[in-house]
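A structural walkthrough
What follows is the residue order along each chain.
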Amino acid sequence: MAAAFAISVNSIDDLFDPYTAEPLASRPLRAEVRERILRAWIDSREERPDHLSVELPVGQRRAGVGEDVRDAIRSDLERAYRASGHLLVFTRSERREALIAFSFLVVCLLASSLVDRVTDDDALFVGVSQGLVVLGWVAMWQPAQQLVQALSLRLSRKRYRELTLIPIEVSWG
């Protein structure tokens, strides 16, 4: 029998996205909690756990809360599995931001090239030119990170499928 893997939190709210107004049973997990569950699952490849144990503070024990937490975690893992079937990198607003960042990168690269052409390798202008290049790439940081996260989600599809099937046990401690 494989060992269980567990999450222990100081508050039920620590598990879930703080910006969601949905009822507890359908709230999405915080990204870092979902990632922690996924990484623990991936790292346990040699000896797969037989269930996920979620330890909640006894002071927050109420009728039906344990079931709602279990349902929310299950629902979130199923959403992650469905999302992993598509390579959706950007939402509409994020595409707009990525386009602005890319345009800014192009402007910075053009300005850097212009500075290089107009100046004669003066140390100050070389620094300005390189600073423009760095500034342009920094603007692309968030869109690049989103691309990496989307690829990681897609590559984790099989693991998310496995996680949708594992039993979830809620305990109070």
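Everything numeric here is computed off the predicted structure, so don't read it as measured data.

Thoughts on the pairing of strand β2 (residues 52-56)
Of all 5 residues in β2, 4 are buried; the element is thus mostly enclosed. Sheet analysis places strand β1 (residues 5-8) next to β2, joined by 4 bridges and oriented parallel. Its bridge partner being in β2, Ser8 is matched across the sheet by Glu55. Handedness of the β1-helix α1 (residues 31-43)-β2 crossover: right-handed. With 5 bridges joining them, β2 and strand β3 (residues 168-172) adopt parallel strand pairing. Bridged to Val54 within β3 is Val170.

Description of helix α2 (residues 65-84)
Compared with the 28 Å implied by 1.5 Å per residue over 20 residues, the 28 Å span of α2 between its first and last C-alpha is a close match. Among all positions of α2, only Val65, Gly66, Val69, Ala72, Ile73, Arg74, Asp76, Leu77, Ala80 and Ser84 are buried. At its buried positions, α2 is contacted by α1, β2, α5 (141-155), α6 (157-165) and β3.

Comments concerning the environment of Arg62
Along the polypeptide, Arg62 turns up in the loop between β2 and α2. A relative accessible area of 53% places Arg62 in the exposed class. Residues Arg62 and Arg82 lie 20 residues apart in sequence; the distance between their C-alpha atoms is 31 Å.

Brief notes about the packing of α1 against α6
Relative orientation of the contacting elements α1 and α6 amounts to 95°, with a least axis distance of 10 Å. In terms of axis orientation, α1 runs roughly perpendicular to α6. Between α1 and α6, the residues in contact are Arg34, Ile37, Leu38, Trp41 and Ile42 and Arg159, Tyr160, Glu162 and Leu163, respectively. Across the contact of α1 with α6, the residue classes tally to 6 nonpolar, no polar and 3 charged.

Here we look at the sheet that holds β3
Strands sit in the order β1-β2-β3 across an open sheet of 3 strands; the sheet is parallel. Each having just a single partner strand, β1 and β3 make up the two edges of the open sheet. Direction aside, the axes of adjacent strands within the sheet are offset by 20° on average. Across the face of the sheet, α2 comes into contact with β2 and β3 while running at roughly 145° to β3.

Structural notes on the packing of aromatic side chains
A full pass over the atoms with the stated rule returns 1 aromatic pair. Each ring, one from Phe5 and one from Trp41, has its centre 5.7 Å from the other, and the planes form 40°; the classification is tilted. Taken together, the residues span a long stretch of sequence, with Phe5 in strand β1 and Trp41 in helix α1 at a distance of 36 residues. Assigned by exposure class, Phe5 and Trp41 land together as buried. The ring of Tyr81 carries Arg161 above its face, with NZ or CZ at 5.4 Å from the centroid.

About the thresholds
Along each chain, residues carry numbers from 1 onward, in the same order as the chain's sequence is written. pLDDT decides what is reported in this predicted model: residues at 70 or higher carry local features, side-chain atom pairs at 80 or more are listed and counted, and totals for whole chains, interfaces and linings draw on all residues regardless. The side-chain quantities take in all heavy atoms of the structure and omit both hydrogens and water. The cut-offs for exposure are 20% and 50% of the maximum accessible area for each residue type, with area from a 1.4 Å probe on protein chains only; residues under the lower value are buried, those over the upper are exposed, and the others partly exposed. Note on conventions: DSSP H or I runs of at least 4 residues are helices, E runs of at least 2 residues are strands, and numbering of each starts at the N terminus. Should DSSP find at least two bridges between two strands, the strands are regarded as paired. Looking down the strands as they point away from you, a crossover is right-handed if its path from the first strand over the helix to the second goes clockwise. For a helix, the expected span equals 1.5 Å multiplied by the residue count minus one. Any two residues whose heavy atoms approach within 4.5 Å are treated as being in contact. Helix axes are fitted only over the stretch in contact, all axes being lines through C-alpha atoms; the angle between N-to-C directions runs from 0 to 180 degrees. Any angle between 65 and 115 degrees counts as roughly perpendicular, while under 35 counts as roughly parallel, over 145 as roughly antiparallel, and the rest as oblique. Under this grouping Gly is polar, as are all residues other than the nonpolar Ala, Val, Leu, Ile, Met, Phe, Trp, Tyr, Cys and Pro and the charged Asp, Glu, Lys and Arg. Centre distance within 6.5 Å is the pairing criterion for rings of Phe, Tyr and Trp, where only the six-membered ring of Trp is used; planes under 30 degrees apart are then read as stacked, over 60 as edge-to-face, and the remainder as tilted. Geometrically, a charge over a ring is one whose NZ (Lys) or CZ (Arg) sits within 6 Å of the ring centre while staying within 35 degrees of the ring normal.

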